[in-house]
Amino acid sequence: MAALSFFRKNKKLVFWIMVVLMVFFLLGISGQQVFVKMCAPDPEQQVLGVVDGREVTTAQLRVATGDLQMLQEVLGLGDSLRILTGYPRTVPGEKGFALLLNRSSQAGLCWLLLVHEARAMGIEAGEARVNAFLGEYIGIDPESLPVLIAKRATGNVLVRDLRRALDDYLCVAHAFDAVSGGLDEGEPAIRELFADMANRMDVAMLQFNAGDYVNQVKAPSEEQVLTLYNEAKRFFAAAPGNPHPFKFGYRLPDRVQIEYVFVNWDDVSDTVEPDGDEIYRYWQEHKDEFTEQVVVSPATQPASQAATQPTTQPESQPAVEYVTVPIADYAKVKSKVRQELRRQGTQKRIEQITEQLLGLVRQFELEGDGSAGEGPLKLAADEMAKESVAVHYKRFGELIDGRQVLADPILGSARVGGTQEQDLATLAFSVKQLHADERRQQALVEVGKVYGRAMDVGSELSEGPRGKLFWRVVAAEPTAVPETVQTVRSQVEADCKIQVGYKIAMDKANEAMDQLRQVGMAETAKALGKEVIEAGELTRRQIAPIWRVDARLSRVYMSAMQIEQWLTSDRQEPAPQVLPGLAYLAAAMSPQYVMVMPPVPEVDQAETAEFLKAVFVLAPPEKPSTRPDSQPTSAVSEADKFAVVALPGQQSVFVVQRVKYTPANDDEYRKMRPQLLQVFKVNKRLDLTLRWYVEDEIKKRTGFFQSVR
């Protein structure tokens, strides 16, 4: 009855509902889909947030993200090698651009906000600046952009879109320049830097290592093991930012399981042997490729030229001149020609094998992993073996971390070229399974899928294996705290002994300190059976090429070296120490220098700052003088020349004696000030870059308010 009453009271409403339902039914499935889309909100206009009272939509984000990709792919902006080396020149704004790409979880949104910020500051680039940038930094004529796009772009890129994106890029770069241009060099700060670099301390020391005394330590109790495990289980061992005094850590790093097929250059080369006719024919056709240098003398010069020489020569020996000529004697050149033909034949054969392997891999990927559960790489290797083609297959039986990947002679030297060179470790550790809780890193490969390009292993200039490689990640496990102490028990027990050994080392150092005051360094060292470490003249800071030791830059720009993945506050990992191959050589040309901690003999780099801080307490009590008449001084009591320096992070204790102290003076300052000023500016600008392009700072600075969905 209630239902009938409702229909009587709402006849018109019910009528129109029935009309709508009937129309919807008559539209059919395709029509219904169109109708639903018309009624549904446009996903392109979904509001992500608000900045300066203006809505930020998904459509704008899509354009900004596409701009980043265009600038990377087509113009090569964000290239790690160029940034670190400054060679051939540093591209304006590129350091911040690379920082944004490598460290932001929402790079597209941040770029959108940076562009908005620059435009709001009234900064414009314009067509002339875009053209000038293309010519000066990219090295192309603006009219050649379509050719460059066709060569490098992976998607459909229009010239007008690329020019618009570059215009935005230049605005962002100029906005940062406008802010950083007002950096105050500050005379007191420069003098402080000079004092840190010019005050010199010559020290000698004895080292006491905790590890030397662990054989005196009994096995730890279960309570000691569990206590230490719970203290350090969340940290990576010896990682920057590890708060444990001894830098102990038991957190498991990102790990992957890898399998690969390797085509070895040497194996293929052994099967290539040109015959005598081939060697002779190649020499006849390419004589100009095989040359030697011969001495130029009057006897070997043309007669007309020799006749013009003076009849009397000075008694001093003339400089020897050489000229390059083709080798005329076949017997002399035969081995070189044979070697070249073997090289060419090996290269050609490897390309054939690589192409054949790739075809088999793709075939087996389409067919599935096989009834025996073997993957496409193993099946392809077995198929090649049937044809007596030597390829090497390997599947790691366990998960390995980034350092183990780098240590492997084949995986560690595998790279693929392109606009941005990638190494295997970077590719392997980019899989999304290792970053489920992060959107910062783009997955470059997928677990279970063979990497689609043959990677180069080694080169003619490198030692070790050389050839071509196909590989895949079979499984991946992200960093995690061990579920129980059993996983890392042996390491925890060893670290427990180190703790006790460190206490013994400290006691031994204090005993040596007392002895040192009485009989001196040499006698004390002799009595203890130790070598005196002559550290030489130490300073608190020095300058070095920006590529070598500045971990901030490694962390920000060197994506190819992010083996353990540079992460945020709760995931600390060790910094890469060197750059690979070409990057290492080119970086030696770096024109930029920064302030760094100087190396100290027998002291770990991570502990250098703490060590130098303790050592320079031994400086004379007066403030370091900068008077022109300052002279080296040691005018303090003998008791003030010695110190015990404890470095639990290195698990070592040092007994240090100051041998000589040389303060800075004004003459040195006047000579060094221009370079110091440049270093100071580079560091100030770098520090600002590392703050300016950080995601949280960008949002805070622009007042971005994120919508809650």
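Predicted model only: the values in this text are computed from it and were never measured.

**Section: helix α17 (residues 376-386)**
Moving on, step 1. All of the buried residues along α17 are P376, L377, L379, A380, A381 and M384.
Moving on, step 2. On its buried face, α17 sits against β4 (255-264), α16 (330-367), β7 (392-395) and β11 (467-477).
Moving on, step 3. Immediately downstream of α17, the backbone of S388 shows phi near 60°, a positive value.

**Description of the environment of E117**
Moving on, step 1. With respect to the secondary-structure elements, E117 resides in helix α7 (residues 107-120).
Moving on, step 2. According to the relative accessible area criterion, E117 is buried, its value standing at 12%.
Moving on, step 3. Here the alpha-carbon distance between E117 and D52, two residues 65 residues apart in the chain, equals 9.8 Å.
Moving on, step 4. Excluding residues that lie within four positions of it along the chain, E117 makes contacts with W692, R701 and T702.

**A word on the pattern of salt bridges**
Moving on, step 1. Scanning the entire structure with this criterion turns up 24 salt bridges.
Moving on, step 2. Across the pair R164 and D168 runs a salt bridge whose closest N-O atoms are separated by 4.0 Å. Pair noted here: R164 and D168 are both in helix α10 (residues 159-180), with a separation of 4 residues, about one helical turn.
Moving on, step 3. Of the residues examined, D168 reaches a relative accessible area of 10% and is grouped as buried.
Moving on, step 4. Residues joined in a network through salt bridges with shared partners are D67, R119, E124, R164, D167 and D168.

**Examining unusual backbone geometry**
Moving on, step 1. For K247, which is not glycine, the phi dihedral falls at a positive 60°.
Moving on, step 2. On the secondary structure map, K247 appears in the loop between α12 (222-232) and β4.
Moving on, step 3. Owing to a relative accessible area of 24%, K247 belongs among the partly exposed residues under this scheme.
Moving on, step 4. Its identity as a non-glycine residue notwithstanding, Q651 has a phi of 60°, on the positive side.
Moving on, step 5. By the secondary structure assignment, Q651 is in the loop between β15 (642-647) and β16 (652-662).

**Here we look at the sheet that holds β7**
Moving on, step 1. Ordered in space as β7-β4-β11-β10-β8-β9, the 6 strands form an open sheet in which the pairing is antiparallel. Unpaired on one side and paired on the other, β7 and β9 (422-423) mark the two borders of the sheet.
Moving on, step 2. Sheet topology note: the strand β8 (residues 414-416)/strand β10 (residues 455-457) ladder contains 2 bridges and is antiparallel. What sits directly across from R415, in β10, is D456.
Moving on, step 3. Across the sheet, α16 lies against β4 and β11, angled at about 35° from β11, the strand it touches most.

**Observations regarding the confidence of the model for the chain**
Moving on, step 1. Here the chain shows a mean pLDDT of 79. Residues at 70 or above account for 75%.
Moving on, step 2. No element of the chain has a lower mean pLDDT than helix α24 (residues 581-587), at 35, and none a higher one than α12, at 96.
Moving on, step 3. Throughout residues 84-88 the model reports pLDDT below 50, and contacts reaching past four residues in sequence, or to other chains, amount to 16 contacts.
Moving on, step 4. Low pLDDT, under 50, characterises residues 302-314; the stretch is placed with 3 contacts to residues that sit more than four places away or in other chains.

Definitions and limits used
Residues numbered from 1 in each chain as written. Predicted model: local features only at pLDDT ≥ 70, side-chain atom pairs only at ≥ 80, totals over all residues. Heavy atoms only, no water. Buried < 20%, exposed > 50% of the residue type's maximum accessible area, 1.4 Å probe, protein only. Helix = DSSP H or I, 4+ residues; strand = E, 2+ residues; numbered from the N terminus. Contact = heavy atoms within 4.5 Å. Salt bridge = Lys/Arg side-chain N within 4 Å of Asp/Glu carboxyl O. Pairing = 2+ DSSP bridges. Axes fitted to C-alpha atoms, helices over the stretch in contact; angles between N-to-C directions. pLDDT = per-residue confidence, 0-100.

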